[in-house]
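Spelled out, the chains give:
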Amino acid sequence: MITTKMFDFYGLEFVSRPLVPSMVSASVVNGFPGNCFRRVLRRETTSCRKTHIISGASSSVAALHVKGSSFKSSTKSSSDLSSKNYSDQVKEIDEDGGPPRWFSPAECGRRSTGSPLLLFLPGIDGDGHGLMLQHERLGEIFDIRCLHIPVMDRTPFPELVKLVQHTVRTEHDRAAKTPIYLVGESFGASLALIVAAHNPHIDLVLILANPATSLSKSLLQSVVPFSDMIHKHLNAGQFQAPGFALLNSFSYLSFSLGMNAGQFQAPAETVLWKLRMIYEMQSYLDSHLHAVKAQTLILNSGKDMLLWNNTESERLSRMLKRCDVRSFMDNRNPLFLDETFDLVITIKRVSYYRRGASVDYISDFFPPTPYEVEMMLEQFRWLDMAVEPVIISTKDSGEVVRDLSGIPSEGPVLLVGNHMLMVMDAILLIFGFWNKENLMIRAMAHPSFFQRLNNGGKLPDLSLFDVFRLSGAFPVSPTNLYKALSMKSHVLLFPGGLREVLHHKGEEHKMFWPAKQEFVRMAARFGATIVPFGGVGEDDVVQLLLDSNDQMKFPPLKAFIEELTGEAVRLGSDAEGEIGNQIFYYPVLLPKLPGRVYFRFGKPISMEGREDVLTDKEKANEMYLEIQNEVQKCIDYLKENREKDPYRNLLARLAYQGFNGFDSQVPTFDI
């Protein structure tokens, strides 16, 4: 027996009812008020089977074994879904005509507990299948509903706003503490912004692809003034008449606004109707955009010839209070139907997935899939090859080995060490643990890696840190550390923070730790294992030419540094001294022929049963000083022994690999 989930026009009701084989096994929303449940989308048995072949194909699932963690993860989908199926699904669902309605894709699988609602608002095509390549992965973390607007439907945009708004308000009343996601492309993006402007009190998250919010610099501007003339010639059957080359461009126009030309093409009358609605929406938004309070992510695809997405996204990012922009210059439009684009990865990269009022970087985090891990490893493989890091660890027995076998595989584990210039050590360690031990470690990072006090400032764009968020990094704070250790995670902590990253000349490999020892007491609370480590080698990779002291001597640079520092999110009020009042600046560096980077992990220190550290501040301080001392010993050991490494120089390493193969491990000093 086949069943379907059904919603009324405003999403008010939810029922399950058996279907005969002639009815589609997809979730469908039906009719205007008073017309609810009067019509149900029906399909012939062959169409039903075809729908299951397209949307029900299961992708291969690979489990990534992670020491200390267990989670389900998928490779990049190997489903039969592709943009070639787009026209088939559009034609099937649109044969029935009727008013706009919601449907829930059948291929969306079992989702996680407390998943927020995601409402997809389609582009100018209106079919609602624009997310079809994303359904399977999105369905694991969202409750998805898609809006279908039949091709011949002429519902005006105020009524469409009411439709979406009513669903949003109803769902908000049901779960006021859970955000509602509005995902829209082109036409649907404008619709989402208007709904957000009408409902500033509701927690909305907008994800907008190529928003059609301003056509003043678009090629589309030349079409609308002639819409009445075009409509008359269409009625007269002169669509292909000589001299009307503008009309023959509608297939490309439809493609640019969210349709896959060549596979499914809307009638020109529909395109003109939607274009007029876009202009009405634009006129409305020009005076109401300031009312949008929702968290907003704008996605640009680079291969869009008709919409000036970069210019428009910059305008929107200035006008919207909580707006982030990501560009995909090599992806085509419509972005969601590009087989190389993954919306779930994008959401995770920018930390936009949340199930509460604000993102919880611990409980809202979904570990990377094997495909995502490989993608991140590939991004930094060049750095690993350039510096060929030597990683040494110490087992409980005291044996020193050249691998990571001395690191406990079961959490909670707290890796504590010194920080290097430009965070190169964090990159090498995070991906070194993945690559060598298949072990995920979560780095604690400065809050400036996650948010800005204002958009468009002088600090590096947040997109530069997307890979850290995707890998599981989270803002440094006692609360986040508490949650991470309670979930038995492997946590990477640099107590010196940005003070060590943005150090001065002559301070290479020096430690600048705060006076407070809270992480020690936190580790004791959960019986965590603390592993002290040291790292050296930044001075063999770059030379610091101008530090903040040098730059502050020049008034223009001093003003620039003060502006940078003013933009950054500060650490908590408990941070003191140089750590809490860190100056932000861009160090002037001279690259060197890469030397080698070295890490040594000391003997693990178990905090199991150390209630004395938890309750006695003196004991906690003694343990804190012991850890500092162990880190310093690791640094001194590496600085001394790297002088004995015959392969410290890049040319020597290349020569060795030339004789022994580039996949071979280059030797180092005797351990």
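All values derive from a computational prediction rather than experimental measurement. (Residues numbered from 1 in each chain as written. Predicted model: local features only at pLDDT ≥ 70, side-chain atom pairs only at ≥ 80, totals over all residues. Heavy atoms only, no water.)

In this section: the overall build of the chain. In terms of regular secondary structure, the chain is built from 23 helices and 21 strands. A total accessible area of about 28100 Å² is found for the chain, and carbon and sulfur atoms account for 54% of it. (Helix = DSSP H or I, 4+ residues; strand = E, 2+ residues; numbered from the N terminus. Areas by Shrake-Rupley, 256 points an atom, 1.4 Å probe, with all protein chains shown as cover.)

Applying the stated criterion across every chain yields a total of 4 cavities of 30 Å³ or more. Taken as a whole, the second largest cavity spans an internal volume of roughly 160 Å³. Among the elements of the structure, helix 10 (343-349) and helix 14 (466-471) are those that each provide at least two residues to the lining of the second largest cavity. Across the lining of the second largest cavity, the residue classes tally to 8 nonpolar, 1 polar and 5 charged. (1 Å grid on protein atoms, 1.4 Å probe; cavity = no way out; pocket = protein on both sides within 12 Å on 5 of 7 lines; lining within 4 Å. Points joined across faces, edges and corners; volume = space filled by probe spheres on them. Nonpolar A, V, L, I, M, F, W, Y, C, P; charged D, E, K, R; others polar.)

It helps to recall that an α-helix has 3.6 residues per turn; residues three or four apart then point in one direction. Within the span of helix 15 (residues 478-486), buried status applies to Asn-480, Leu-481, Ala-484 and Leu-485. Each buried residue of helix 15 lies within a common arc of 125° when the element is viewed along its axis, so the set occupies one face. Next to the buried residues of helix 15 lie strand 13 (413-417), strand 14 (441-445), strand 15 (474-475), strand 16 (490-493) and helix 17 (518-526). (Buried < 20%, exposed > 50% of the residue type's maximum accessible area, 1.4 Å probe, protein only. Arc of directions from axis to C-beta. Contact = heavy atoms within 4.5 Å.)

Considering only enclosed or pocket space, the second largest pocket measures out at about 1300 Å³ in volume. Lining of the second largest pocket is provided by 49 residues; of these, Phe-380, Ile-427, Leu-464, Phe-465 and Phe-468 occupy positions nearest its centre. Listing elements by their share of the lining of the second largest pocket, those giving two or more residues are strand 10 (323-332), helix 10, helix 11 (370-379), helix 12 (381-387), helix 13 (424-437), helix 14, helix 16 (497-501) and strand 19 (588-591). Looking at the lining of the second largest pocket, its residues break down into 35 nonpolar, 7 polar and 7 charged.

Turning our eyes to something else, we now look at the packing of aromatic side chains. Counted by the stated rule, this structure contains 22 aromatic pairs. Here Tyr-353 and Phe-366 contribute two aromatic rings whose centre-to-centre distance is 5.3 Å and whose plane-to-plane angle is 75°, an arrangement assigned as edge-to-face. Here Tyr-353 is found in the loop between helix 10 and helix 11, whereas its partner Phe-366 is found in the loop between helix 10 and helix 11, with 13 residues between them in sequence. Residue classification places Phe-366 among the partly exposed positions, given a relative accessible area of 24%. Ring centres of Tyr-361 and Phe-450 lie 5.0 Å apart, and the angle between their planes is 70°; this geometry places the pair in the edge-to-face category. Of this pair, Tyr-361 sits in the loop between helix 10 and helix 11 while Phe-450 sits in the loop between strand 14 and helix 14, and the two are 89 residues apart along the sequence. (Phe/Tyr/Trp six-rings, centres within 6.5 Å; stacked < 30°, edge-to-face > 60°.)

On to helix 17, then. Among all positions in helix 17, only Phe-519, Val-520, Arg-521, Met-522, Ala-523 and Ala-524 are buried. Close packing links the buried residues of helix 17 with strand 13, helix 15, strand 16, strand 17 (529-536), helix 21 (611-615) and helix 22 (617-641). Phi turns positive, to about 65°, at Gly-527, one or two residues after helix 17.

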